[in-house]
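# Breakdown of the fold
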Amino acid sequence: MSINRKIAPPILNATDFTFQLADITQAQLANGMPFYYLNAGAQEVVNIELVFDAGTWQQHKPGVAQAAASLLKNGTTKKTALEINELIEFYGANLKCGASNDFANVNISCMSKHLHHLLPLLFELLTESIFPEHELEIYKQTTIQRMQVSLKKSDFVANRKIDEYLFGYHHPYGFYNNISDIQAIETKDLREYILQYYSFDNCKIFLSGKFNDGIIKDVETIFGSSKWNDSDAIIRNEFTVTPAEQKKYRITNDKNGVQGSVRMSMPFIKKAHPDFAPMIIVNTLFGGYFGSRLMSNIREDKGYTYGIYSYLYNNKHEGAFGISTEAGKDVCEATVQEIYKEIEILKTEPVDTEELQLVKNYILGGLVGDLDGPFQIMQRWKNLLLFGFDKSRFDSNIEIYKTITPAQIQELANRYFIADNFYELVVV
Amino acid sequence: MQRYTEEQSNIMIQYEKFTLSNGLKVIHHPDITTPMVAMSILYDVGAKDEDEKQTGFAHLFEHLMFGGSVNIDDYDEPLQNAGGENNAYTTNDLTNYYLQLPKENIETAFWLESDRMLNLAFSEKSLDVQRKVVCEEFKEHYINKPYGDVWQYLRELCYKVHPYKWQTIGKELKHVEDAQLQDVKHFFAKHYNPSNAIMCIAGNITKEKVVELCDKYFAPIPAGEKYLRNLPTESAQTEARKLVIERDVPVNALYKAYHMGSRLSNGYHAADLITEILSGGESSRLHVELVKEQKLFSQIDCYHLGSIEPGLLVIDGKVSANVSMQEADDAIEKIIEQFIAIGITELELKKAINKTESLISFEDLSLLNRANNLSYYELLGDAEMMNSEMGKYATVSAEQVHIEAKRIFRKENGNTMWYVSKGV
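Think of each chain on its own: its residues are numbered from 1, step by step along the sequence as written. Going through the entries in the order they are written, you letter the chains from A and number the ligands from 1. Selection of residues for local features in this predicted model requires a pLDDT of at least 70, selection of side-chain atom pairs for listing and counting requires 80 or more, and totals for whole chains, interfaces and linings are taken over all residues. Excluding hydrogens and water, the side-chain figures rest on all heavy atoms present in the structure.

Turning to the interface of chain A and chain B, a few remarks are in order. Residue contacts are counted whenever heavy atoms from the two residues lie within 4.5 Å of one another. At the junction of the two partners, chain A supplies 68 residues and chain B supplies 81 residues. For the pair chain A and chain B, the two sides together bury roughly 6,500 Å², of which 58% comes from carbon and sulfur. Salt bridge, as used here: a side-chain nitrogen of Lys or Arg that lies within 4 Å of a carboxyl oxygen of Asp or Glu. Where chain A packs against chain B, one counts six salt bridges. One salt bridge connects Lys-351 of chain B with Glu-86 of chain A, and the closest N-O pair in it is separated by 3.0 Å. Any pair of nitrogen or oxygen atoms within 3.5 Å is treated as a polar contact; in protein, a donor-acceptor pairing is required on top of that, and neighbouring residues in sequence qualify only through side-chain atoms on both sides. For the pair chain A and chain B, the interface holds 29 residue pairs in polar contact (both at pLDDT 80 or more). Only strand E3 (45–52), helix H2 (81–90), strand E5 (104–111), helix H4 (133–150), helix H10 (293–301), strand E9 (305–312), strand E10 (319–328) and helix H12 (353–370) of chain A provide two or more residues apiece to the side of chain A that touches chain B. A helix here means a DSSP run of H or I that spans at least four residues, while a strand means a run of E at least two residues long, and both kinds are numbered starting from the N terminus. Sort the elements by how many residues they give to the side of chain A that touches chain B and H12 of chain A lands first, with eight residues. Each residue receives one of three labels: charged for Asp, Glu, Lys and Arg, nonpolar for Ala, Val, Leu, Ile, Met, Phe, Trp, Tyr, Cys and Pro, and polar for the others, Gly being one of them. When grouped by side-chain class, the residues that make up the side of chain A that touches chain B number 29 nonpolar, 22 polar and 17 charged. Once two parts are brought into contact, the accessible area they lose, counted with a 1.4 Å probe and summed over both, makes up the buried area.

In this section: the sheet that holds strand E7 (residues 241–247) of chain B. Think of a sheet as strands paired side by side through backbone hydrogen bonds, with each pair either parallel or antiparallel. Residue and element names in this part refer to chain B. Only strands that DSSP links by at least two bridges are regarded as paired with each other. Pairing is mixed in the open sheet, where five strands are placed in the order E7-E11-E8-E10-E9. Lying at the two open borders of the sheet, with one neighbouring strand each, are E7 and strand E9 (297–304). Going across the sheet, the axis of each strand differs from the next one's by a mean of 10°, ignoring polarity. Of the pairings in the sheet, the one linking E7 to strand E11 (residues 414–421) comprises seven bridges and is parallel in character. Orientation is described by lines fitted to C-alpha atoms, with helices fitted over the stretch in contact, and by angles between N-to-C directions that extend from 0 to 180 degrees.

It is worth spelling out the domain arrangement of chain A at this point. Residues and elements named next belong to chain A. Segmentation of the chain into domains, including their bounds, is taken from an automatic or database domain assignment. Along its sequence, chain A is organised into domain 1 (25–224) and domain 2 (248–427). One C-alpha centre belongs to domain 1, the other to domain 2, and the line joining them spans 29 Å. If you look at the interface, domain 1 gives 38 residues, while domain 2 gives 30 residues. Across the interface of domain 1 and domain 2, roughly 2,700 Å² is buried in total on both sides, 70% from carbon and sulfur atoms. A per-residue breakdown of the area domain 1 buries against domain 2 is headed by Ile-162, Tyr-165 and Leu-166, which together make up 22% of the total. Connecting domain 1 to domain 2 are two salt bridges. The salt bridge involving Lys-316 is made with Asp-53; its shortest N-O contact spans 3.6 Å. Run the count over domain 1 and domain 2 and you get 10 residue pairs in polar contact (both at pLDDT 80 or more). Contributions of two or more residues to the side of domain 1 that touches domain 2 are made by strand E2 (34–39), E3, helix H5 (154–167) and strand E6 (203–209). If you tally residues by element for the side of domain 1 that touches domain 2, the top one is H5, at 11 residues. Broken down by class, the residue content of the side of domain 1 that touches domain 2 amounts to 19 nonpolar, 10 polar and nine charged.

This part covers the packing of helix H10 (residues 268–279) of chain B against helix H15 (residues 385–394) of chain B. All names here are of chain B. Interaxial distance between H10 and H15 falls to 9 Å at its minimum, and their mutual angle equals 70°. Classified by the interaxial angle, the pair formed by H10 and H15 is roughly perpendicular. Taken as a pair, H10 and H15 cross one another with a handedness that is right-handed. The residues of H15 that touch H10, namely those facing Tyr-268, His-269, Asp-272 and Leu-273, are Glu-389, Lys-392 and Tyr-393. Its residues placed into classes, the contact of H10 with H15 shows three nonpolar, one polar and three charged. By the definition adopted for this analysis, an angle is roughly parallel if under 35 degrees, roughly antiparallel if over 145, roughly perpendicular if from 65 to 115, and oblique otherwise. Left-handed describes a crossing whose near helix is turned anticlockwise from the far helix by less than a right angle; the clockwise case is right-handed.

So this is what it looks like as structure tokens:
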């Protein structure tokens, strides 16, 4: 069979696919807690995640949100840290606790057959953790040592500084812990934090994977039948951003460094804004995937870097847009100039229809895979629900991805990509 | 009820194998529950096949595989246009290229992958750019990063003749900078032949379609010359080795590496479980003893390199402030001595096996992982290992773990590196 290899086989454009976000069950436990679940999939695995409105946004003392999450499994009134970890690991389960800017998450993944052993333990962690003094001491030492190592890295320093310029050091999104902050954490801070914010009225539960009805009953009984960690009404913090006046920064962190961490960021619209979804396409085209303008020029044409990306910040209260790369020390300034050039091209020249179709196909084609399997579907739902959206947001986003035009892209680029709005930082 | 679910937990992965007349091995793993198809093409070439004077070449070559092939200017663009995503990795043993895309557009994957197996475009421009990109990758991960050069020294300490003594990124920047187009062409002709490759197609596609597309795109590729590997064997280590180096890092680090068997050796599963028992999680021995109880380390891990040929089992820790290297080293030695003297409990074994079962189940969720693993197991000798590995772990006894520990943790089999902070 002789074939002409120069001719590409026909493809179906992903813009012609239909996209359906599978439904989940949206229930409410007896105590009012939202409980979302999806029983699907072929493999005998399951994931349960509790999400609290308890990110660094809510903390009143530096480092507390993260320390509380990290130490949640390090001792209750009934069990030592070792006993807790033995139990989790015996069932081959993976327990992850963490705090980001907006949320705190407690997440267990395990084989379906073991989950019912672990739910009572999970409840015990949430309601009876005591944060022993000696566990906190170990946490402090470990965290401080890690921070000392990280501070030697230009990318770590750059990530902290660029957000500080954008939001201000006293805003939760611009704040970062110093060693003295870690040292000042006390066990009572952690106990108070959990009691106040890891409570039934500040939590959503997401359960996905393959499980039997017994698990739903267990969740209802264990998490839904009491007002656990009930305390004073939660007051939502409010902050205003205080961006830096100066826009351009060059920092030397390591005089022997052979690369620089280049960061450029600017304030941007929040997720609820109608332009946010179309800007996902603009961002992808500009720097959001391997075939992007930034990658094609700065890596694939110039060879200045191993990789360069742009992204929309995923914060609840303030939006931002950023560009990030590690480039050779001698070509950092050239990289910054190339980024501005690409911004200018996006503003002055309409994207050709082929390139736009490619971006659309890439995003929508990837989405086919992203909607495959219970964990992925629940992840989509979680991102909608935590930000106050419903399924109509998913549908309208798809419509926007499919129909956006070169003229709209150029118009959006002109509206949002203002060179003077960028904070510019190079850390060597 | 409990009993029922226990039996259900191991799902067999279905697949079929066939070989094209040019030697290309093909595995088809059908899964009609997904809207996607994944493809893995594994070339049996890694950093171990490089010339010692020209290291980093297999990995540089992986980059060049994206620089256009004989009939197609650009690899990424048509794939992305078909809604696909792809990447590749190079290890000391192999190079794997993988992608996934919506099932409707699978022919694009066959078209792209077969053309670059047929021949590359070999342009000076592409070589020039990718040399720079790889140099930036080298700097980002191995130079401009605290502890970035650890593995360069540790590998050289442990291996004296076997090519595992260098990392996939290469021994030095200069080897990458000096690569010439002629070398690239030679490397392609030597290693990138159908007879040196394994392909797995997984997902929502029928066997008939796979056969049809293989016949159309891959079967016409000339077989090329089969590369026969002939690597020097590392002789058994007879004396404990130690290296101390000073660097500008804030925290002292300690590494102990022991030679272990090959991937297909009898002791492999027991060795893997040893790493799990020593450091898999916060109830593991090293963590409990050295981080929580004695507070000598802020972080400690035990792992093995996962290589095909005889590998290394490594203990790797960051030493707490105000603790001497000797004290830290002695504490690890003591735990190892206990391990050798007493062995492990049934509970520890059960825990390690349960964790492994969970790990394998979660890994198998991803279609792409299944495709990559089927190719890898076929490279090891039989794709059926995909279904038999869990059984191997489940039948390891506490006694076998003990025997393996005694074999691995012999003093004369150990390589210790103290990575000391300047000024501490």
